[in-house]
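Chain residues, written in single-letter form:
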Amino acid sequence: MKANLYIVTYSFVLAMVCALVLTGVGRFTAPYQEANEAADRFRGILEVLSVPFDRADPAEQVREIYRRNVREIEHAELTLYELVPTEHIDVEPAVAVPFSGQGLWGPIHGFISLSPDLSTIRGLAFVYHEETPGLGGEIVSENFRRQFEGKSTVGPDERPGIRILPGTDERGPNEVDAITGATMTSEKVEDMINEALREVLTEHLP
Amino acid sequence: MTNQTQAGCGPACGPSCGSTGLCGGKGFLTVKDGLLTNNPVWVQILGICSALAVTTRLENSLVMGAAVIFVICMSNLIISLLRNTIPHRIRIIVEVAIIALFVIVCDQVLKAFYWEMSKQLGPYVGLIITNCIVMGRAEAFALQNPPLISVVDGAANGLGYAIILAVIGAFRELAGTGAILGHVILSPEWYTPNQLMILAPGAFFALGALIALVAAVRGGQEQEAGR
């Protein structure tokens, strides 16, 4: 009985001490971690808007570049990120639209940038994903993302949305190649991009 | 030297060699044990999962190695300090709790101050908790030895792990990208990077070749000692 009491007390004290230490460390590092996560968002927006910057820049500097070049436009339930055309005249004007959704293994967050008239896709960037490296993780590769540049945001039937298709057929103005071996991820990414496109197109077009 | 240690405790003795009177209490032997004679990766074949996963680049390997050294040293220290108070029946739980504490601290600090690296190492920092090397040293050494020598043992074993990671990481980065720490060594003009070495199979080839090489060298010595 006495031995049991000792074990219970011992584990309780140990757990309390561990919890206290971890709470302290968590509190101390939280602001830095939040700044890092926010910087990743800024990097995604800057990248998709083709603003030149160095990915290795520290969080604070990225935030500064973001402040100078991007204007946030609040809509009812949607925030758009517009390139401020003052500093980088050689960069084409564009609007970044956030999209997010569930991937195969975890959440995916990213941005898609559109021409100011919202008819053409300018670029695509992913901020967060948990897909399998080498398979679904290939969504972040240049080869996959580059395909979207210049694609139309509406199909031949005037319905908003893009299509990410398997196979080797000729691609239409709003179609791109899916990733081989990552059908599920491709489909899910298509859905989340289309949801964002529909939202922004129906809100802006009459 | 190697022959003597092994003749004394026998090849079957394995990881507990470091905890017996033969090696315990002697700093030099403890270090040699962790680095060479009983190297966690190439002799005990522990910690293979992370050794395969994070060694795509030398930098990743170095950070992972440093994290493991930190965790083993600290957990060995604390467990050794508490060794006379820990109730025997729940000692594994206590060990895991203490190891987990330091792993989480490591992970949080990486996330705060080494963000890009933290993203590349992904879940493998957190998985140090389940790294058999850390647990093995706590169970086999720190529970029976005083704090100072336990820290030495932790450092030696962590270093033994880190060195292998660095060797594999350097080899895979060089073969897979033609660079070391991002500096181009093999000019792309005449060397075509073999991307297989960056992918999972490359890790198996590199680690397998390394273990085979060490086994070939040691195998001869062990046979001699056996006679």
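Owing to the predicted nature of the structure, the values given are computational and were not obtained by experimental measurement.

Novice: Could you give an account of the pairing of strand β1 (residues 70–74) of chain A, with specific residues and numbers?
Specialist: All names here are of chain A. Bridge count for β1 against strand β2 (residues 79–83) is 5 bridges, and the pairing is antiparallel. Note that in β2 the partner of Val70 across the bridge is Leu83. If you look at the hairpin formed by β1 and β2, you'll find 4 residues sitting between the two strands.

Novice: Break down the interface of chain A and chain B for me, with residues and values.
Specialist: A common way to express how large an interface is: the accessible area buried when the components associate. The partner chain B presents 20 residues to the 19 residues of chain A that form the contact. Between chain A and chain B, the buried area comes to about 1700 Å², and carbon and sulfur atoms account for 71% of it. Applying the counting rule to chain A against chain B returns 1 salt bridge. Put simply, Asp40 of chain A and Lys119 of chain B hold a salt bridge, and the shortest N to O gap is 2.7 Å. If you look at where chain A meets chain B, you find 7 residue pairs in polar contact (both at pLDDT 80 or more). Across the side of chain A that touches chain B, the residue classes tally to 10 nonpolar, 6 polar and 3 charged.

Novice: Before we move on, can you summarise helix α7 (residues 132–142) of chain B with the specific residues and values?
Specialist: All names here are of chain B. Counted residue by residue, α7 has 8 buried out of 11 residues, so it is predominantly covered. Ile133, Val134, Met135, Arg137, Ala138, Ala140, Phe141 and Ala142 are the residues of α7 that are buried. Where α7 starts, the residue carrying a side-chain oxygen 3.0 Å from the main-chain nitrogen of Ile133 turns out to be Asn131.

Novice: Hey, could you go over the confidence of the model for chain B for me, with residue numbers and the actual values?
Specialist: Residues and elements named next belong to chain B. Per-residue confidence for chain B averages 82 on the pLDDT scale, and 85% of its residues sit at or above 70. Confidence over residues 1–25 falls short of pLDDT 50; this stretch has 39 contacts with residues more than four positions distant or in other chains. With a pTM of 0.77, the predicted complex shows an ipTM of 0.74.

Novice: Please set out the packing of aromatic side chains residue by residue, giving values where relevant.
Specialist: Under the definition given, this model contains 9 aromatic pairs over all chains. Measuring from centroid to centroid gives 6.0 Å for Phe28 of chain A and Tyr32 of chain A, while their planes differ by 55°, and the two rings are tilted. Taken as a pair, Phe28 of chain A and Tyr32 of chain A lie in helix α1 (residues 2–48) at a separation of 4 residues, close to a single helical turn. Under the relative-accessibility criterion, Tyr32 of chain A is labelled partly exposed at 38%. Ring centres 6.1 Å apart and planes at 85° place the aromatic pair Phe70 of chain B and Phe102 of chain B in the edge-to-face group. Taken together, the positions of Phe70 of chain B in helix α4 (residues 58–81) and Phe102 of chain B in helix α5 (residues 91–113) put the pair 32 residues apart, joining distant regions of the chain. Residue classification places Phe70 of chain B among the partly exposed residues on the basis of a relative accessible area of 32%.

Novice: Which residues make up the environment of Ser118 of chain B, and what values do they have?
Specialist: Residues and elements named next belong to chain B. Here Ser118 lies in helix α6 (residues 115–121). The buried category is assigned to Ser118, whose relative accessible area is 8%. Note: C-alpha distance between Ser118 and Val63 (55 residues apart in sequence) is 9.4 Å. Those residues in contact with Ser118 that lie beyond four places of it in its chain are Leu110 and Lys111.

Calculation notes
Residues numbered from 1 in each chain as written. Chains lettered and ligands numbered in written order. Predicted model: local features only at pLDDT ≥ 70, side-chain atom pairs only at ≥ 80, totals over all residues. Heavy atoms only, no water. Pairing = 2+ DSSP bridges. Helix = DSSP H or I, 4+ residues; strand = E, 2+ residues; numbered from the N terminus. Contact = heavy atoms within 4.5 Å. Buried area = accessible area lost by both parts, 1.4 Å probe. Salt bridge = Lys/Arg side-chain N within 4 Å of Asp/Glu carboxyl O. Polar contact = N/O pair within 3.5 Å; in protein donor to acceptor, adjacent residues only side chain to side chain. Nonpolar A, V, L, I, M, F, W, Y, C, P; charged D, E, K, R; others polar. Buried < 20%, exposed > 50% of the residue type's maximum accessible area, 1.4 Å probe, protein only. pLDDT = per-residue confidence, 0-100. Phe/Tyr/Trp six-rings, centres within 6.5 Å; stacked < 30°, edge-to-face > 60°.

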